[in-house]
Amino acid sequence: MAVPVQAQGAPPLPSGSITPEKVREGIDLDINGERFRHTGDPKMPLLWYLRDVLQLTGTKYAGEHGSGNGADLVLVNGKLTPATAVTLEDLHGGKEGKTEKVPKVVTVEGLADATGKLHPLQQAFIDEDAIGCGYCTPGWLMAGKDLLDRKRNPSDDDIDQLPNLCRCGCQTRVRRAIKRAAGVIGGTK
Ligand code: FES
């Protein structure tokens, strides 16, 4: 039950009145452009928050320490980050270095534009049939976006160095898809 809060200097609360509560402490997050406040365990991994709380199930589990296969990759403040390995508290600089800045998280669900039009990478994965079972695909899309944001025309080598693994053997088609998306974004396709 909520404990009534007595504001400093205020007269005593009449019985039976609405019980004011202090603003609940929490961790503020911006996920795909929407604001959320997590008031549960600050040590909850970002992955569980995305999947279990927000039902954003595109991001996948990638092993105990994160990114065993890259399926859990998301962008946090524009940086490729394994969602399994970071907690919500980490996103705010951890216990010690707490920052008031609201971290911006982009998941695969945030890649399409506001009208629902797919990101060129998503379309290229479809066009190049670069999806097998699909488990690894969200991670490739996020790592691919990060790569294309840094490099306009990535080489096969650049793509092979991404921290992703496709157990269905789609690597060759993934390379083609990322290069096709690079062409679309650069205006040559
Ligand atoms: S499509 Fe199945 S693991 Fe990559």
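Report on the accompanying structure. Here the structure is a predicted model, which is why all the values come from computation and not from measurement.

Turning next to the overall build of the chain. The number of helices and strands found in the chain is six helices and five strands. Of the regular secondary structure in the chain, the N- to C-terminal order runs β-β-α-β-β-α-β-α-α-α-α.

Moving on: the nonpolar core. Residues Leu121, Phe125, Trp140, Leu162, Val174 and Ile178 are the most contacted members of the largest nonpolar core, which totals 24 residues. Elements that contribute at least two residues to this core include exactly β3 (73-76), α3 (120-127), α4 (137-150) and α6 (171-186). In contact with Leu162, not counting residues within four places along its chain, are Trp140, Ala143, Gly144, Leu147 and Ile178. Ile27, Leu46, Leu47 and Val74 belong to the second largest nonpolar core, which has 16 residues in total.

Every buried residue belonging to α3 is among Leu121, Gln122, Ala124 and Phe125, and all of these are buried. Along the axis of α3, the buried positions cluster into a sector of 165 degrees, meaning they face one direction only. The inward-facing, buried residues of α3 abut α4 and α6. Among the residues trailing α3, Asp129 stands out with phi positive, at a value near 50 degrees.

The next subject is the side chain of Thr107. Structurally, Thr107 is set in the loop between β5 (104-106) and α3. Only 2.6 Å separates the side chain of Thr107 from the side chain of Glu109, close enough to count as a polar contact. The residues contacting Thr107, other than those within four sequence positions of it, are Ile31, Asn32, Leu50, Leu56, Thr59, Val74 and Met142.

Taking 1.5 Å per residue, 14 residues should reach 20 Å; α4 reaches 20 Å between its end C-alpha atoms and fits that length. The element α4 is largely enclosed, with a buried count of eleven among its 14 residues. Where α4 is concerned, the buried positions are Thr137, Pro138, Gly139, Trp140, Leu141, Met142, Ala143, Gly144, Asp146, Leu147 and Leu148. Its buried side turned inward, α4 meets β3, β4 (79-82), β5, α3, α5 (156-160) and α6.

Looking at the element boundaries, Tyr49 is found in helix α1 (residues 46-53). Sequence spacing of Tyr49 and His38 is eleven residues, and the spatial spacing of their C-alpha atoms is 8.5 Å. When residues no more than four places from it in sequence are discounted, the contact partners of Tyr49 are Leu29, Phe36, Arg37, His38, Met44, Leu54 and Leu88.

A word on the sheet that holds β3. What the five strands build is an open sheet, ordered β2-β1-β5-β3-β4; its pairing is mixed. Only two strands of the sheet have a single neighbouring strand rather than two, namely β2 (34-38) and β4. Neighbour to neighbour, the strand axes of the sheet diverge by 35 degrees on average, direction disregarded. Examined bridge by bridge, β3 and β4 share four bridges and lie antiparallel to one another. Of the residues in β4, the one forming a bridge with Leu73 is Pro82. α4 rests against β3, β4 and β5 of the sheet, and its axis sits at about 40 degrees to β3.

What follows is about the packing of aromatic side chains. Tallied over the full model, the rule gives one aromatic pair. Seen from their ring centres, Trp48 and Tyr61 are 5.9 Å apart, and the 15 degrees between their planes marks the pair as stacked. One end of the pair, Trp48, is in helix α1; the other, Tyr61, is in the loop between α1 and β3, with 13 residues separating them in the sequence. For Trp48, a relative accessible area of 32% corresponds to the partly exposed category. For Tyr61, a relative accessible area of 36% puts it in the partly exposed group.

Here is what the cut-offs are and how they apply
- Residues numbered from 1 in each chain as written.
- Predicted model: local features only at pLDDT ≥ 70, side-chain atom pairs only at ≥ 80, totals over all residues.
- Heavy atoms only, no water.
- Helix = DSSP H or I, 4+ residues; strand = E, 2+ residues; numbered from the N terminus.
- Core = buried A, V, L, I, M, F, W, Y, C linked by side-chain atoms within 4.5 Å.
- Buried < 20%, exposed > 50% of the residue type's maximum accessible area, 1.4 Å probe, protein only.
- Contact = heavy atoms within 4.5 Å.
- Arc of directions from axis to C-beta.
- Polar contact = N/O pair within 3.5 Å; in protein donor to acceptor, adjacent residues only side chain to side chain.
- Expected span 1.5 Å × (residues − 1).
- Pairing = 2+ DSSP bridges.
- Axes fitted to C-alpha atoms, helices over the stretch in contact; angles between N-to-C directions.
- Phe/Tyr/Trp six-rings, centres within 6.5 Å; stacked < 30°, edge-to-face > 60°.

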